[in-house]
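Each chain, letter by letter, is given below.
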Amino acid sequence: MEPIINVEKISKKFVLSHESKERYTALRDVVSQKVKNAVRGQFFKKDKGTKEEFWALQDVSFTVNQGDRVGIIGRNGAGKSTLLKILSRISDPTEGRITIRGRVASLLEVGTGFHPELTGRENIFLNGAILGMSRAEIRSKFDEIVDFAEVEKFLDTPVKRYSSGMYVRLAFAVAAHMEPEILIVDEVLAVGDAQFQKKCLGKMQDVSKNEGRTVLFVSHNIQAISNLCNRGIYLANGKIVMHNAIDATIEKYLHAGEAFSSSNDLAKRIAQSPSDPDFKLIDVAVIQDNREVVGHVVNGKELEIKLTYDLPNRVTGFRAFLDFCDDMGVTIFRTFHDEDREGIMSLEAGRYVSKIIIPPNILAPIIYDIKLLFGIHTIRMLPPHELVIRINVEQTGDYNKSYSGQFTGGKVCLSLPWTINKI
Amino acid sequence: MTTGSPDNIIIIEPGKAAKNYWRDLWRFRELFYILSWRDLKVRYKQTVIGAGWSIIRPLLTTVIFTIVFNKIANLQETSKAPYALMVFAGMLPWQFFSNALTEASNSLIGNSNLISKVYFPRMIVPASSVITSLVDFGVSFLLLIAMMVIYQFLPPWQIVFLPVFIVMVFLAAFGTGLYITALNVKYRDFRYIIPFIVQFGLYVSPVGISSSRIPEKWRLLYALNPMVGVIDGFRWCLLGDPIHWPSFFMSLTIILLFVWLGVWYFRKTEKSFADNI
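What counts as what
- Residues numbered from 1 in each chain as written.
- Chains lettered and ligands numbered in written order.
- Predicted model: local features only at pLDDT ≥ 70, side-chain atom pairs only at ≥ 80, totals over all residues.
- Heavy atoms only, no water.
- Helix = DSSP H or I, 4+ residues; strand = E, 2+ residues; numbered from the N terminus.
- Buried < 20%, exposed > 50% of the residue type's maximum accessible area, 1.4 Å probe, protein only.
- Areas by Shrake-Rupley, 256 points an atom, 1.4 Å probe, with all protein chains shown as cover.
- Contact = heavy atoms within 4.5 Å.
- Phe/Tyr/Trp six-rings, centres within 6.5 Å; stacked < 30°, edge-to-face > 60°.
- 1 Å grid on protein atoms, 1.4 Å probe; cavity = no way out; pocket = protein on both sides within 12 Å on 5 of 7 lines; lining within 4 Å.
- Points joined across faces, edges and corners; volume = space filled by probe spheres on them.
- Pairing = 2+ DSSP bridges.
- Axes fitted to C-alpha atoms, helices over the stretch in contact; angles between N-to-C directions.
- Buried area = accessible area lost by both parts, 1.4 Å probe.
- Salt bridge = Lys/Arg side-chain N within 4 Å of Asp/Glu carboxyl O.
- Polar contact = N/O pair within 3.5 Å; in protein donor to acceptor, adjacent residues only side chain to side chain.
- pLDDT = per-residue confidence, 0-100.
- Core = buried A, V, L, I, M, F, W, Y, C linked by side-chain atoms within 4.5 Å.
- Patch = residues over 30% accessible without salt bridge, like charges linked within 9 Å, V, L, I, M, F, W, Y side chains within 5 Å.
- Lys, Arg positive; Asp, Glu negative; His and termini not counted.
- Charge placed at Lys NZ, Arg CZ, Asp CG, Glu CD.

Enquirer: I'd like to hear about the overall build of chain B, residue by residue, with values.
Expert: When its secondary structure is counted, chain B shows twelve helices and one strand. Listing each helix as α and each strand as β along chain B from the N terminus yields β-α-α-α-α-α-α-α-α-α-α-α-α. Counting only residues that meet the buried cut, chain B has 54% of its 277 residues in that class. By element, 69% of the accessible surface of chain B is carried by carbon and sulfur atoms, the whole surface being about 12,800 Å².

Enquirer: Account for the overall build of chain A, with residues named and values stated.
Expert: A count of helical and extended segments in chain A gives nine helices and 20 strands. Here chain A holds 423 residues, and the buried ones make up 46% of them. Here the analysis covers contacts within chain A between residues at least 6 apart in sequence; of these, 71% occur between residues at least 24 apart. Just so you have it, chain A exposes about 21,600 Å², and 49% of that area is on carbon and sulfur atoms.

Enquirer: Just give me the short version of the packing of aromatic side chains, but keep the residues and values in it.
Expert: The geometry of two aromatic rings is summed up by the distance between their centres and the angle between their planes. All names here are of chain B. A complete count under the given rule lists 33 aromatic pairs over all chains for this structure. When the centroid spacing of 5.5 Å and the interplanar angle of 65° are considered together, the rings of F165 and F248 count as edge-to-face. In this pair, F165 sits in helix α7 (residues 162-186) while F248 sits in helix α11 (residues 245-270), placing the two residues 83 residues apart along the sequence. The two residues F165 and F248 agree in class, both being buried.

Enquirer: Please give an account of empty space enclosed by the protein that cites residues and values.
Expert: All names here are of chain A. Inspection of every chain in the model, using the stated rule, returns five cavities of 30 Å³ or more. In this structure, the second largest cavity spans a volume of roughly 90 Å³. What lines the second largest cavity is simply L107, F172, A175, A176, M178, P180, L183, K203, M204, V207 and R213. For the lining of the second largest cavity, the secondary structure elements donating two or more residues are α5 (164-176) and α6 (194-210).

Enquirer: A description of the sheet that holds strand β16 (residues 331-336) of chain A should follow, citing residues and the corresponding values.
Expert: Residue and element names in this part refer to chain A. Spatially, the five strands line up as an open sheet ordered β12-β20-β19-β15-β16, and their pairing is mixed. Single-partner strands in this sheet number two, and they are β12 (296-298) and β16. Strand-to-strand twist across the sheet, computed as the mean angle between neighbouring axes with direction ignored, equals 30°. Both strand β19 (residues 367-376) and strand β20 (residues 380-394) contribute to a ladder of nine bridges, which runs antiparallel. Among the inter-strand pairings, K371 is bridged to a residue of β20, identified as V388.

Enquirer: Which residues make up the interface of chain A and chain B, and what values do they have?
Expert: Counting from both sides, the interface comprises 49 residues of chain A and, opposite them, 41 residues of chain B. Buried area between chain A and chain B, summed over both chains or domains, comes out near 4,200 Å², and the portion from carbon and sulfur atoms is 59%. The interface formed by chain A and chain B includes four salt bridges. With a shortest N-O distance of 3.9 Å, K271(B) and D92(A) are connected by a salt bridge. Connecting chain A to chain B are eight residue pairs in polar contact (both at pLDDT 80 or more).

Enquirer: Break down the sheet that holds strand β11 (residues 291-292) of chain A for me, with residues and values.
Expert: What holds strands together in a sheet is hydrogen bonding between their backbones, with the strands either parallel or antiparallel. Residue and element names in this part refer to chain A. Taking strand neighbours across the sheet as the criterion, the four strands line up as β11-β10-β13-β18 in an open arrangement whose pairing is antiparallel. Whereas interior strands pair on both sides, the edge strands pair on one side only; in this sheet they are β11 and β18 (350-358). Alignment of strand β10 (residues 280-288) against β11, held across two bridges, turns out to be antiparallel. Each bridged residue has a counterpart across the sheet, and for Q288 the counterpart in β11 is R291.

Enquirer: Lay out the confidence of the model for chain B with the relevant residues and their values.
Expert: Residue and element names in this part refer to chain B. On average, chain B scores 85 in pLDDT, and the residues at 70 or more come to 92%. Within the model, pLDDT remains below 50 along residues 1-5, and this stretch shows eleven contacts once partners closer than five positions in the same chain are excluded. Interface scoring of the predicted complex returns ipTM 0.80; its pTM is 0.70.

Enquirer: How would you summarise unusual backbone geometry if you had to cite specific residues and measurements?
Expert: A negative phi angle characterises most non-glycine residues, just as the trans form characterises most peptide bonds. Residues and elements named next belong to chain A. The peptide bond linking P383 to P384 adopts the cis configuration, its omega dihedral lying at 0°. If you trace the backbone, P384 turns up in strand β20. Despite not being glycine, R89 shows a phi value in the positive range, around 70°. By the secondary structure assignment, R89 is in the loop between α2 (80-87) and β4 (95-101). The backbone of D289 shows a phi angle near 55°, a positive value even though the residue is not glycine. Positionally, D289 belongs in the loop between β10 and β11. Judged by relative accessible area, which is 45%, D289 ranks as partly exposed.

Enquirer: Please provide a residue-by-residue account of the pattern of salt bridges, values included.
Expert: Residues and elements named next belong to chain A. Counted by the stated rule, this structure contains 21 salt bridges over all chains. Salt-bridge contacts for R380 lead to D278; the nearest nitrogen and oxygen are separated by 2.9 Å. Here R380, found in strand β20, pairs with D278, found in the loop between α9 (263-272) and β10; they are 102 residues apart in sequence, far enough to count as distant. We classify R380 as partly exposed; its relative accessible area is 31%. Linked through salt bridges whose partners overlap, the residues forming this network are D276, D278 and R380.

Enquirer: Lay out the nonpolar core in plain terms, naming residues and giving numbers.
Expert: Among the nonpolar cores identified, the biggest contains 156 residues, and I5(A) and L87(A) are the most heavily contacted of them. The element contributing the most residues to this core is helix α4 (residues 83-110) of chain B, with 16 residues. In this structure, I5(A) is in contact with F62(A), T63(A), V64(A), L87(A), I98(A), T99(A), I100(A), I182(A) and L216(A), ignoring residues within four places of it in sequence. Counting 35 residues, the second largest nonpolar core, distinct from the first, contains F279(A), V297(A), L322(A) and A364(A).

Enquirer: Can you break down the side chain of R69(A) residue by residue, with the values?
Expert: All names here are of chain A. Along the chain, the position of R69 falls in strand β3 (residues 69-73). Reaching out from R69, the side chain makes a polar contact with the backbone oxygen of L228 at a distance of 2.7 Å. Residues within four places of R69 in sequence aside, it is in contact with S208, K209, V215, L228, C229, N230 and R231.

Enquirer: Now, about a negative patch on the surface: what can you tell me, with residues and values included?
Expert: All names here are of chain A. On the surface, D143, E144, D147 and E152 cluster together to form a negatively charged patch. When you line up the elements, E144 lands in helix α4 (residues 135-149). Since its relative accessible area comes to 42%, E144 is described here as partly exposed.

Enquirer: Just give me the short version of the side chain of S133(B), but keep the residues and values in it.
Expert: Residue and element names in this part refer to chain B. By the element assignment, S133 lies in helix α6 (residues 124-151). Residue class for S133 comes out buried when judged on its relative accessible area of 2%. Setting aside chain neighbours within four positions, we find S133 in contact with F96, N99, A100 and E103.

Enquirer: A description of the environment of D39(B) should follow, citing residues and the corresponding values.
Expert: Residue and element names in this part refer to chain B. Secondary-structure assignment places D39 in helix α2 (residues 29-46). What makes D39 partly exposed here is its relative accessible area of 21%. When the C-alpha positions of D39 and T132 are compared, they lie 6.7 Å apart, and in sequence the two are 93 residues distant. At a separation of 3.2 Å, a polar atom in the side chain of D39 contacts the side chain of R38.

Enquirer: Provide a residue-level description of a nonpolar patch on the surface, including the pertinent values.
Expert: On the surface, a cluster of nonpolar side chains totalling about 510 Å² of accessible area is made up of L59(B), V63(B), I64(B), I67(B), V68(B) and I72(B). Relative to the helices and strands, I72(B) is located in helix α3 (residues 53-72).

Here it is in structure tokens:
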């Protein structure tokens, strides 16, 4: 059978203009530049050195068979969204050729074209038309859409009065009821509450697995991708690194190492965090073997994490804590800096260091995202919010020592005391 | 499932103007209706008097023109119709042109969220904004009828040709609008040019005067302004004023030239809208 999507050597070039500080080209700049050049007697000379070519995609070729559910993964800027835009015909490729056999619906954003002044009912028709549904089609699905979105009571209310949750639910509901042969979805599940996200994923699974649709799906939620997709494409710097079964592709991506942040990057993120009258994070250090490490650590030795911060005022109930999460964002454990204290601690103004030592034989040989969190108990969270350090743990500990190399799949690797006796 | 049926095969290649462009445009006609409907609905929802605006604006302008030109400057026109009626018959197409041009020129930028997230033939966006202005034109037209009743003025038989001139002004606004809105995506300061065209155009078009006041030898040159032919045509249909056919065809040629230029430039740049917007 012929593939439903055939992508042959697609490339996309952007021309970056370095000189202009503004986002848009303005005619006045073009004119004034031409005049300047004309004065120098070089009207037709191209401005050199101010422009740079950037290839968002280079020689990307792949095929997708009908019923495939393809997850596209890669770091930010790898070209994922550009690829989806080209496949959706929003943007034109610079080179190459794509053949698509079937009706395509793309969902690159939830609620594209929703107008705040219009009512829920009106927006269903508007959004449906924008997504390429006919009026008859929308009418026949109308009740299902309203049911799915749970907005019956507010159908005749302008959506500007909707809560953000209702808005997203309605928007997704319209999209979810399209019936294209090929569905292209970009990172739309990043919105909405957890329960609704689950419902959306369920709906997508339904659409793809049970109804045999072809789905192309971009998400940063690796878990969602691995649940939903059977094939994976891993993009880096505009090129395909791997196109394979989803598990193998995800594994390749996670072990590529490019996902790690350098210490410079961490310092920058700390410096850029918003200021707060009660708290300022100064430094975060991950230390092993008495030296600061970036990214790679071993689980056979102690691992020290040192948080340095200023408290400009006396604070009661200040807490620093760490969430150790796996690379899919699931928390494995949380640890508080004051968990061995009796009662709530008060700290005078000054500079402090909170330090944790994680003993050997705790961490598993996997990737952890350690979320650094700061807060005043029952009052509020303090910035920086969502500061994450990623570490890649290598197995050197005692756990399963005699059979090292065998990955057991556990998220922690505790070396626990067993006894074995012959009886 | 209809996979593989030749109707559904889409080929994406760089620079290749989609072979099925005009068919696609037809296929997306529902989107066109619904975008026009949205613009109208939103427009009338947000204002207190809603459709009243399309009556008040031309009416006030006509009153002022009548007072300034006819009463103060004491300008007498050759038209058979009363002065106010003559001004209004010119004001009608002019207002439509200026509204449609303004709306169409800003339409792509105003719908940038759609352009960057969904595929559809982009021409739908400026076209639907011109349609919105056409509805305003319809409302203002009711006022013209009312005025004719008040002045007890019976339009001549030529009124049957009015649709031709409506199509003409539609094309004038659409062609120019297409060109400017596409330029607007690339050069954002083009939007400052439109109010200028609109304001300037009111005075270089024969809205307050009849173009028969222009000396014969300059009339062809005057008709390079496409609105000259349109306004003359409106007066010919509605009031039975004489029409200068050479200048009418001159204006028509200019309009068709603009439509061709607009469509050509729009289609040439259309593919890069999403990258630039």
